[in-house]
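# Per-entry structural report
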Amino acid sequence: MTVTLHVCITCRAGQTIGEGETTPGKRLHAAILDAGVPDGVSVVPVECLSACSQGCSVALSAPGRWSYVYGRLSEVHAKDVIAGASAYAGAQDGIVPWRSRPEIFRKQSLARIPPIAAVLEAAE
């Protein structure tokens, strides 16, 4: 099953971006693609993840799994983002054991969102 790595490409990371300049979010997206996306991971650029005060952000999701939003990222973190996405792809429920996560995924998690089915069952 393919997991989706959403990358906010409009992120300015608190910087003033001049006309024609590339946003930090677009640079992060490009660096992730350059780092090599593993099988089972689909990288999707998105307009905004609403984590604007947290620097560049990405989100990982897949049907039936917990979803995560990570922030305070830049293009230098691309290989760690790929490593984290790969570990997430290998986790049936989306929960990667703490010690198996790249450090940025341990320290820079902004949100953990339960699978849709779990939310619907809890509401019943």
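Residues numbered from 1 in each chain as written. Predicted model: local features only at pLDDT ≥ 70, side-chain atom pairs only at ≥ 80, totals over all residues. Heavy atoms only, no water.

## Side note on the pairing of strand S1 (residues 3–8)
Among the 6 residues that make up S1, 5 are buried, leaving the element largely enclosed by the rest of the structure. As paired strands, S1 and strand S2 (residues 41–46) are joined by 6 bridges and run parallel to one another. Note on S2: the bridge partner recorded for Thr 4 is Ser 42. The β-α-β motif built from S1, the intervening helix H1 (residues 24–35) and the parallel element S2 has right-handed crossover chirality. Across 4 bridges, S1 lies against strand S3 (residues 56–61) in antiparallel orientation. By the bridge assignment, His 6 is partnered in S3 with Ala 59. (Buried < 20%, exposed > 50% of the residue type's maximum accessible area, 1.4 Å probe, protein only. Helix = DSSP H or I, 4+ residues; strand = E, 2+ residues; numbered from the N terminus. Pairing = 2+ DSSP bridges. Right-handed = clockwise from strand over helix to strand, strands pointing away.)

## Observations concerning the sheet that holds S3
Sheet architecture is open: 5 strands sit in the order S2-S1-S3-S4-S5, paired in mixed fashion. What marks the edges here is a single partner per strand, and that holds for S2 and strand S5 (109–113). Strand after strand, the sheet turns through a mean of 15° between neighbouring axes, direction not considered. Docked against the sheet, H1 engages S1, S2, S3 and strand S4 (67–73), running at close to 145° with respect to S1. Strands S1, S2, S3 and S4 of the sheet are contacted by helix H2 (residues 78–89), whose axis makes an angle of about 150° with S1. (Axes fitted to C-alpha atoms, helices over the stretch in contact; angles between N-to-C directions. Contact = heavy atoms within 4.5 Å.)

Scope: geometric values only; no functional claims are made or implied.
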